[in-house]
Amino acid sequence: MFTMEFLKTCILRKKAYATVCFWRRQAVPKPSVRNISTTSPRNTVMPAWVIDKYGKNEVLRFTQNMLMPIIHYPNEIIIKVHAASVNPIDVNMRSGYGAAALNMKRDPLHIKTKGEEFPLTLGRDVSGVVMECGLDVRYFKPGDEVSHKPKSLTHTQAASLPYVALTAWSAINKVGGLNDNNCTGKRVLILGASGGVGTFAIQVVKAWDAHVTAVCSQDASELVRKLGADDIIDYKSGNLEEQLKSLKPFDFILDNVGGSTETWALNLLKKWSGATYVTLVTPFLLNMDRLGIADGMLQTGVTVGSKTLKHFWQGVHYRWAFFMASGPYLDDIGELVDAGKIQPVIEKTFPFSQVPEAFLKVERGHARGKTVINVV
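Read on for an overview of the structure. Just so it is clear, the structure is predicted and the values come from calculations on it, not from any experiment.

Here is what the cut-offs are and how they apply
Note that residues are indexed from 1 along each chain, following the sequence as it is written. This being a predicted model, a pLDDT of at least 70 is required before a residue's local features are given, and a value of 80 or more before pairs of side-chain atoms are given or counted; all residues contribute to the totals for chains, interfaces and linings. Think of the side-chain values as coming from all heavy atoms in the structure, minus any hydrogens and water. With axes taken as lines fitted to C-alpha atoms, and helix axes fitted only over the stretch in contact, angles between N-to-C directions fall between 0 and 180 degrees. Secondary structure elements follow DSSP: runs of H or I of four or more residues count as helices, runs of E of two or more count as strands, with numbering from the N terminus. Oblique is the label for any angle not covered by the other classes, which are roughly parallel (under 35 degrees), roughly antiparallel (over 145) and roughly perpendicular (65 to 115). Handedness of a helix crossing follows the sense of rotation of the near helix relative to the far helix, less than a right angle counterclockwise being left-handed and clockwise being right-handed. Whether two residues are in contact is decided by their heavy atoms: any pair within 4.5 Å suffices. Residue polarity follows a fixed list, in which Ala, Val, Leu, Ile, Met, Phe, Trp, Tyr, Cys and Pro are nonpolar, Asp, Glu, Lys and Arg are charged, and the others, Gly among them, are polar. In what follows, salt bridge is the name for a side-chain nitrogen of Lys or Arg lying within 4 Å of a carboxyl oxygen of Asp or Glu. Buried means the residue's accessible area, taken with a 1.4 Å probe over protein chains only, is under 20% of the maximum for its type, while exposed means over 50%, and partly exposed covers the values in between. When DSSP finds two or more bridges between two strands, those strands count as paired. Throughout, the arc means the angular range of directions from the helix axis out to the C-beta atoms.

### Comments concerning the packing of helix H9 (residues 284-291) against helix H10 (residues 293-312)
Okay, so step 1: Where H9 contacts H10, the two axes come as close as 7 Å, and the packing angle between them is 140°. Put simply, H9 runs oblique to H10. As H9 packs across H10, the resulting crossing turns out to be right-handed. Side by side, H9 and H10 meet where Phe284, Asn287, Met288 and Leu291 of the first sit next to Ile293, Asp295, Gly296, Met297, Gln299 and Thr300 of the second.
Okay, so step 2: For the contact of H9 with H10, the class distribution of residues is 5 nonpolar, 4 polar and 1 charged.

See the structure below:
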């Protein structure tokens, strides 16, 4: 999505387009006859950052001659991008992570030869203005901000939210079962609390009156405290497991770290109380890259199934969560933003000319919120 002027995206009714924007629920009335316009020759190409192969940061290439997207299907729109954010998954996908799954989505019948996805434009979060709509589009019209973002946010701020917001919402609400009606007083532990997903998650569960324990490094403690964390644990100040064991057991754990953490984190939950551990670090895409689609999905099912059953008999729930596109979820998130209960957390912004520097910034890790590219 790191294109200077336009982005084409598919709506598939309301839900799929939720990956990049906020929206309202009312439909935009469509005229009985759609105005048809043609693109002038001087606007058939646009500047963009693309990759021609998977690899390290040097594969990022700037071009002035990326073909302007056109509408192929009646449920698509074209957007003029004002800002876009960089997520860790974008950096990983630059290196080929998830290529098997994404190529299957692009070409389910395997008609194209290997490598035909290039030149590939990376990115998933944008904010901008609708330029053109397909015939079946009912929720947008040309000139709409993408899409009906909270009035209190700039395009830079709006571009920082959708991917991390929907990922956190999926983990906390859809998978974890927490909501504004059942979260009051719940003890919530967030591992990796200072990144994009972590900073959003703190604000959501605090808006629902939970007690939040945030794990981060000492230099991020002031940030997470301002976001509402009740207790802050510096994972560098000693044995993290022992520090957390000294606290009361938790009702819910969100793990943004993974690795060896899950070998001991579930022991911090309240047994036989419905307490849940949700991790966002899973081998799902890696399994498909390594084993192929069918065998990768089979291996994934066996892994998550065995872990879920093992921990169920130990009195706690073990779950995986992923980004989940949802227009209604973004509606709910937008309401919390406009109510002042959630604020975007942006660590650094870059101009469009410095997209490679932005990728390096995210690749170094230890994020304190989001990294955003100002395109316009």
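The structure having been displayed, the exposition proceeds.
### Brief notes about the pattern of salt bridges
Okay, so step 1: Applying the stated criterion across every chain yields a total of 12 salt bridges.
Okay, so step 2: Of the charged contacts, one joins Glu363 and Arg94 as a salt bridge, the two residues approaching to 2.9 Å between their closest N and O atoms. One end of the pair, Glu363, is in helix H12 (residues 355-363); the other, Arg94, is in helix H1 (residues 88-94), with 269 residues separating them in the sequence.
Okay, so step 3: Using a relative accessible area of 0% as the deciding quantity, one classes Arg94 as buried.
Okay, so step 4: Measuring nitrogen to oxygen at the nearest pair gives 2.8 Å for the salt bridge that ties Lys361 to Glu347. Taken together, the residues span a long stretch of sequence, with Lys361 in helix H12 and Glu347 in strand E12 (residues 346-351) at a distance of 14 residues.
Okay, so step 5: Judged by its relative accessible area of 31%, Glu347 is partly exposed.

### Observations regarding the environment of Ala171
Okay, so step 1: When you line up the elements, Ala171 lands in helix H4 (residues 162-175).
Okay, so step 2: The sequence separation of Ala171 and Leu280 amounts to 109 residues, and the corresponding C-alpha distance is 7.5 Å.
Okay, so step 3: Every residue in contact with Ala171, bar those within four places of it in the chain, is listed here: Gly176, Phe252, Leu254, Val278, Leu280 and Ala321.

### Some thoughts on the sheet that holds strand E10 (residues 276-279)
Okay, so step 1: The strand order across the open sheet formed by 6 strands is E8-E7-E6-E9-E10-E11, and the pairing between neighbours is parallel. Sheet topology places strand E8 (231-234) and strand E11 (317-320) at the edges, where each strand pairs with a single neighbour. For this sheet, the mean angle separating the axes of adjacent strands, direction not counted, is 15°.
Okay, so step 2: Here 4 bridges tie strand E9 (residues 252-255) to E10, and the two strands are oriented parallel to one another. Directly across from Leu254, in E10, lies its bridge partner Val278.

### Side note on H12
Okay, so step 1: What H12 keeps buried is the set Val355, Pro356, Ala358, Phe359, Lys361 and Val362.
Okay, so step 2: Elements that come into contact with the buried residues of H12 comprise strand E2 (45-51), strand E3 (60-67), strand E4 (76-86), H1, E12 and strand E13 (370-374).
Okay, so step 3: Backbone geometry just after H12 places Gly365 at a positive phi near 80°.

### Concerning H9
Okay, so step 1: Within the span of H9, buried status applies to Leu285, Asn287 and Met288. For H9, the arc enclosing every buried residue in end-on projection is 160°, short of the 170-degree limit, so these residues lie on one face.
Okay, so step 2: Among the residues trailing H9, Gly292 stands out with phi positive, at a value near 95°.

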